[in-house]
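# Descriptive structure summary
Residues per chain, in single letters:
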Amino acid sequence: MNELHLKMNHRNRRSIAVLSIALFSLLLPLMACSHKESEIQNGVLDASGMDLREPVQLKGYWKYVPGRFVDPSELQSLGNEDVLLTRIPGAWTANLENKQVSNQGYGTYIVQIQNLPSLQSGRTLAIDVRAVSTAYRLIVDGKTIGTNGTLAINAEHSHPDGSRKISLFELKPGQKEVTVIFHVSNYEDLAGGFWSVPFIGFESSVIEESQRRTGLDFLLFGSLMIMGLYHFVLYLYRRGNMELILFSGLCMTFGLRSLLTGERVLYQFDWFTMHRLEYLTFFVSVGLVPVYFERIYPGEYSRKIGYGIAVICGLFSLTLLGPALYYTRLLVPFQIFLIIVILYCLFGVVLAAVRRRDQAILFIGGSLVFSFAGLNDVLYNIGIVITGESNLASLGLIAFVLFQSSLLAAMFSRAFKAVEELTLNLKKQSDSFARFVPGEFIQVLSREDVAHVELGDARNLPMSVFFSDIRQFTQMSENLGAQEVIQFLNDYLQRVEPHITENGGFVDKFVGDGMMALFQDGTTSRKDSVDAGLDILQELADINRMRAVTDSRPISIGIGIHYGNVMLGTIGSRTRLDTTAVGDTVNTAARIQDLTKLYQAEMLVSEDVLKNGTEEPAQTEQTQRTRSGSFTDLSKGFRSLDVVRLRGKTHPIEIFEAFQHRPEEQRDGILRFEARFQEGRMLYSGKDFAGAANIFRDLIRNSPSEHLYQLYYRRARKLEQNPPPADWDGIHNVR
């Protein structure tokens, strides 16, 4: 039995090691090989044969003019003595001419993209820019399309911004050349320049790539945070084992760092705070690794050396209390120190393997992968490119975490009561997963609980789909800290979510400040979804009355509801599943919610929501329709706003505004002028734009605060001045 047990342990360790290496091998190409290579030479990119359906890296040697913000009109007058050739990515201090350039100051990057294929003409292109030190203005063909931070010619007026931004511009039909100019200034960072390569491509491809990379960052963040929390909980049960809390700290530190590098998600907040936090996570992680290693193999590592490294990292961290210009100058010395630390850690790893320490194979495998990833990032930052990516440390840590988790589990397995503890942990995990999957969703899939859900489970059902979103949430959150933003969202969602469940629905997902809910079909499901929206608006009024007491900004939301068939199921892979609701009904509901901004309405519903349950969604091109007998009594609190054709759709839909929750004075005004408003719409649809404009102008005089009348008046006036084509059908096309 003992021999069999040893063989099984050896087989498990080998399987985990192979799995971890395979995982890292798959993630590395995902990060490093997802973009087409392109090289800029002498400030010119030859785009012949280039396909912008996939984002292209704008890397290579750009023209750089130090100490000047070059206007596009001045490009022809630049002489060779004015221009340096500087590589992106990299600092502007490194140039082919070896000319000395100050780390701080300002200048202009220039590249000409030539020989664009005709296929790319007449399209919207996008440039994705990340990690520019520390402010810039982006100009394409003489037009400013993007800014970040505050450009300045002196430190007094400069303000940095490290967030990633995507800027759009139109490529004219037949256009073969594009001139891209960056005005860049830096008075805060170690040196000015580009620390990540900009990307150019079709708008959709650049946005999709950005979303993919952002999703990967959040995947790393979530995985590492969960693993860190898991080992922290283990430490609470085994307080004498410091390696658990050290490993937990490593996971959480690198998890946080994953949102500060890569897509730089957290840099949307204050640059000075996030920049210090990025450096702090770097210093802390380097200090924790040798101390953790010594706890695992005390015979191969010195505790004094480990603590000494931690103290040195702590001293580096103290420099973050000073200005950015001071602590950034210590980056290169610290990176040299890091290389020494890596060599020291690897020496101990090899020594543990030679001495055949317990679980040494797992330890050396994870350490080598992690060391390679960390070394790649260090060399990248000093200009030596191995993989082309600057953020592999978090990926390396994923493999490292898998190895170390296996190692720690093996070392402490004898200390736990295997059956009881495993059962308890599985139950906790099951309960945690259940919080992320609505119980109603599991019931729809005809499963007993989340443990029985399998990949590919799906059902197609008629449902009411409900979307809500907080308007101008970004502006509201600008003056709030990260914790305050989360607290605000939790407080709001805890107030409104019960109204969904009380009316027979369930929340499918929370998306930032938005919410998607589903109401399963039945005799009252459409009315239930509308009642939930009205209850939420009433709850919102109560919330705003409380906020008024504290002089807080009122909250406004938009709600969109549509009814139709929805596909519910599980998607993903065998190792990661997610529940989702997809289909045309979901997309339409989301776009109806977006229309609340255009019409400045709090709640819009489609015609299919207000129809009797026996009717199918309308499939007609008619602009004007007869409504008698088609709607239930529910329609008494709604008015028809418009007939729209959503982007990508062939058939139009009619949308209605719920106004029964409005103050009595506004309700009376709507009812009083409803016939007049519909008369104006009839004239508008019949192409009598002058007559329609007169009616809408009269309505504005009587109800100057009613945005809908102003919207139709502007439309009528515009079409009166610029008549539509003969086949115009009166339907508003939403783009």
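Read on for a plain summary of the structure. (Residues numbered from 1 in each chain as written. Predicted model: local features only at pLDDT ≥ 70, side-chain atom pairs only at ≥ 80, totals over all residues. Heavy atoms only, no water.)

## With respect to the sheet that holds strand β8 (residues 123-129)
Quick reminder of the rule: At least two DSSP bridges between two strands are needed for those strands to be called paired. Under the scheme used here, helices are H or I runs from DSSP no shorter than 4 residues and strands are E runs no shorter than 2 residues, and both carry numbers assigned from the N terminus.
Taken together, the 4 strands give an open sheet; going across it, the order is β3-β15-β8-β12, and neighbouring strands pair in antiparallel fashion. Of all strands in the sheet, those with a lone pairing partner are β3 (56-57) and β12 (165-171), marking the two edges. Relative to β12, β8 runs antiparallel, the two sharing 7 bridges. Bridged to Ala126 within β12 is Leu168.

## Quick look at the environment of Leu52
Which entries qualify depends on this criterion: Per-residue accessibility, obtained with a 1.4 Å probe over protein chains only, is compared with the maximum for each type, and a residue is labelled buried under 20%, exposed over 50%, and partly exposed between these values.
Considering the arrangement of structural elements, one finds Leu52 in the loop between β2 (44-46) and β3. On the basis of relative accessibility, which here comes to 1%, the residue Leu52 falls in the buried class. Along the backbone, Leu52 and Pro117 are 65 residues apart, and their C-alpha atoms lie at a distance of 9.8 Å.

## Structural notes on the environment of Phe247
Where we set the bar: Contact criterion: two residues are considered in contact whenever any of their non-hydrogen atoms come within 4.5 Å of each other.
Topologically, Phe247 is positioned in helix α3 (residues 242-258). When the C-alpha positions of Phe247 and Val291 are compared, they lie 9.9 Å apart, and in sequence the two are 44 residues distant. Among residues more than four places away in sequence, those in contact with Phe247 are Met227, His231, Tyr292, Phe400, Val401, Gln404, Ser405 and Leu408.

## Some remarks on the nonpolar core
As a reminder, the rule being used: We define the nonpolar core as a collection of buried residues of types Ala, Val, Leu, Ile, Met, Phe, Trp, Tyr and Cys that are connected through side-chain atoms lying within 4.5 Å of one another.
In this structure, Tyr292, Phe293 and Phe334 are the most contacted members of the largest nonpolar core, which totals 53 residues. Among the elements of the structure, α2 (203-237), α3, α4 (271-296), α5 (303-318), α6 (324-328), α7 (331-354), α8 (360-381) and α9 (393-412) are those that each provide at least two residues to this core. Considering each element in turn, this core owes the most residues, 12 residues, to α4. Beyond its immediate chain neighbours, meaning those up to four positions away, Phe334 contacts Phe282, Phe283, Val286, Cys313 and Phe316.

## Concerning the packing of helix α13 (residues 482-502) against helix α14 (residues 525-549)
For any two helices packed against each other, one specifies the crossing angle of their axes together with the interaxial distance. Using the following cut-off: Between N-to-C directions, angles cover 0 to 180 degrees, with each direction set by a line fitted to C-alpha atoms, over the stretch in contact for helices. Each crossing is labelled by how the near helix is turned from the far one, with a counterclockwise turn of less than a right angle marking it left-handed and a clockwise turn marking it right-handed. Classes in brief: Ala, Val, Leu, Ile, Met, Phe, Trp, Tyr, Cys and Pro nonpolar; Asp, Glu, Lys and Arg charged; the others, Gly included, polar.
Running from amino to carboxyl end, α13 crosses α14 at an angle of 145°, the nearest separation of the two axes being 8 Å. In this structure, α13 crosses over α14, and the sense of that crossing is right-handed. Residues Phe488, Tyr492, Arg495, Val496, His499 and Ile500 of α13 form the contact with α14, whose own contacting residues are Ala532, Asp535, Ile536, Glu539, Leu540, Asp542, Ile543, Met546 and Arg547. Of the residues assigned to the contact of α13 with α14, the class counts are 9 nonpolar, 1 polar and 5 charged.

## Topic: the packing of aromatic side chains
Defined as follows: Paired rings are identified among Phe, Tyr and Trp, the last through its six-membered ring, by centres lying within 6.5 Å, and are further divided according to the angle between planes into stacked (under 30 degrees), edge-to-face (over 60) and tilted (the rest).
Evaluation of the coordinates by the stated rule reveals 32 aromatic pairs. Where Tyr279 meets Tyr327, the ring centres are 5.1 Å apart and the plane angle is 70°; that geometry is what we call edge-to-face. In this pair, Tyr279 sits in helix α4 while Tyr327 sits in helix α6, placing the two residues 48 residues apart along the sequence. Given the relative accessible area of 7%, Tyr279 is considered buried. Taking the centre distance of 5.5 Å and the plane angle of 80° together, the rings of Tyr684 and Trp728 count as edge-to-face. With Tyr684 in helix α17 (residues 664-685) and Trp728 in the loop between α19 (707-721) and β24 (732-733), this pair connects stretches of sequence that are 44 residues apart.

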